[in-house]
Amino acid sequence: MSTTSSLTHSPFAPAIIDVSVVIPVYNEQGNLPLLFQRLYPVLDNLGRSYEVIFTNDGSADSSIELLTAQFNARPDVTRVIDFNGNYGQHMAIMAAFERVRGKVIVTLDADLQNPPEEIPKLLEKTDAGYDCVGGARQNRQDTIFRRYASKLVNFVRKRSTNIEMSDQGCMLRAYSCAVVEGIVRSGAINTFIPALAYTLAKKPTEVPVRHEERHAGVSNYSIGKLIRLNFDLITAFTISPLQWFTTFALACSGGSLFLVLVLAFRRIFLGAEAEGLFTLFGVLFFLISVCMVGIGLIGEYVGRTYQVVRGRTRYQVNRVLEKDAQE
Ligand code: UDP
Ligand code: MG
């Protein structure tokens, strides 16, 4: 008999089953039926105990109805966390992480871009003692813009943090429960879970995984959301952009001082002159734009600090569908 209850598990319940699969869902009604059809047989064939935790991240379509039906069909292995609004993919994963009961936790997207059939590959690695296994997408099926934007972010991340990942954007990943517990304890907001996991892992690795086109619907990431997410990736892990900026600002100040001295010298010894006025404007505009970038950069850090200090609830749960813990 299955029942609906709320928050029956403490965040750090002991790992009592083998594998927890965590899936964030936002407007995925076109993908969920096929996802269920492909995912559950893969997990049934593992020969391990498992649970699947879906977080409905405030979907406006019929995703929650489909998830409820799946919970009623497989209540023994299905749990659904229903948010009361849209808090973003990483918070949806975080809410599930707070409730997982598996020794190994696998994350997966709901749109079938990460084939569920690849899960056993990740588990081979966790069996071999790796505590953070990242999928590296082969033949990535995304737009050219997304692929090149990822390359750029990868480049910046490599130079500004000591996080070593060849494919940070792939959400097909497996973690040990200790790594997930570390993520939950960090209480991070605006974070990028794969990178946070990497910083907590003792023995990380990667495995190549297939990547498919989104089965139905369109990406939930607008350019604005992507920019915010990638800012999170950098600002949550390092302050080196601020240091680069300060270094650059110092170099600019040195150059400006030199220019002022040259101009003062010319004014004193050659008299008033209008030549070079436009050059001066050019230099001035450049320096103003550098200042604006600096203010923006500082704002990013201050804004994030403010959100942490404010300490508001990171997400609000409407209800949780799960079998009673004692059953
Ligand atoms: N997602 C979510 N909340 C959001 C945006 C996305 O839970 O605000 C989920 C979405 O349903 C999917 C996963 O996160 O399971 C990845 O989203 P999407 O496929 O839109 O991202 P992309 O693959 O384009 O990076
Ligand atoms: Mg996708």
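Data block above holds the structure.
About the thresholds
Residues numbered from 1 in each chain as written. Chains lettered and ligands numbered in written order. Predicted model: local features only at pLDDT ≥ 70, side-chain atom pairs only at ≥ 80, totals over all residues. Heavy atoms only, no water. Donors = N, O, S within 2.8 Å, 3.2 Å for Na, K, Ca; no water. Buried < 20%, exposed > 50% of the residue type's maximum accessible area, 1.4 Å probe, protein only. Near = heavy atom within 4 Å. Polar contact = N/O pair within 3.5 Å; in protein donor to acceptor, adjacent residues only side chain to side chain. Areas by Shrake-Rupley, 256 points an atom, 1.4 Å probe, with all protein chains shown as cover. Helix = DSSP H or I, 4+ residues; strand = E, 2+ residues; numbered from the N terminus. Pairing = 2+ DSSP bridges. Right-handed = clockwise from strand over helix to strand, strands pointing away. 1 Å grid on protein atoms, 1.4 Å probe; cavity = no way out; pocket = protein on both sides within 12 Å on 5 of 7 lines; lining within 4 Å. Points joined across faces, edges and corners; volume = space filled by probe spheres on them. Nonpolar A, V, L, I, M, F, W, Y, C, P; charged D, E, K, R; others polar.

**Q** How do you make sense of the coordination of the magnesium ion (ligand 2) when you look at a structure like this?
**A** Coordination angles at a metal have ideal targets, namely 109.5 degrees for four tetrahedral donors and 90 or 180 degrees for six octahedral donors. In this structure, Asp111 (OD) and Gln113 (OE1) serve as the protein donors to the magnesium ion (ligand 2), at separations of 1.9 to 2.0 Å. With respect to burial, Asp111 and Gln113 carry one shared label: buried.

**Q** In this structure, what is going on with the site of ligand 1? I would like to understand it.
**A** Around ligand 1, the structure places 18 residues, and the nearest of them are Glu28, Asp57, Arg146, Ser219 and Asn220. Here Asp57 contributes a side-chain N or O atom positioned 2.6 Å from a nitrogen atom of ligand 1. Between ligand 1 and Asn86 there is a distance of 3.1 Å, counted from an oxygen atom to a side-chain nitrogen or oxygen. With the chains in place, 95% of the 530 Å² that ligand 1 exposes on its own is no longer accessible.

**Q** I tried to follow the pairing of strand β3 (residues 50-56) on my own but got confused; where do I start?
**A** As a general feature of sheets, a regular strand has side chains that alternate between the two faces. Summarising burial for β3: seven of the seven residues are buried, a large majority. Of the two faces of β3, the one holding Tyr50, Val52, Phe54 and Asn56 and the one holding Glu51, Ile53 and Thr55 are both buried throughout. By the bridge criterion, seven bridges tie strand β2 (residues 17-25) to β3 in an arrangement that is parallel. The residue bridging Val25 from the neighbouring strand is Asn56, located in β3. Crossover handedness for the path β2 to helix α1 (residues 32-44) to β3: right-handed. Alignment of β3 against strand β4 (residues 78-83), held across five bridges, turns out to be parallel. Bridge pairing in β4 links Asn56 to Asp82. As for the winding sense of the linkage, the β-α-β connection from β3 through helix α2 (residues 63-73) to β4 is right-handed.

**Q** When you look at the layout of surface pockets in this model, what are you seeing that I'm missing?
**A** Think of a ball as big as a water molecule: rolled over the atoms, this probe shows where empty space is left. A volume near 320 Å³ is recorded for the second largest pocket. Around the second largest pocket, the lining comprises 15 residues; the ones closest to its centre are Leu263, Glu273, Glu275, Gly276 and Leu280. Each residue belonging to the lining of the second largest pocket can be placed in one class, and the counts come to eight nonpolar, three polar and four charged.

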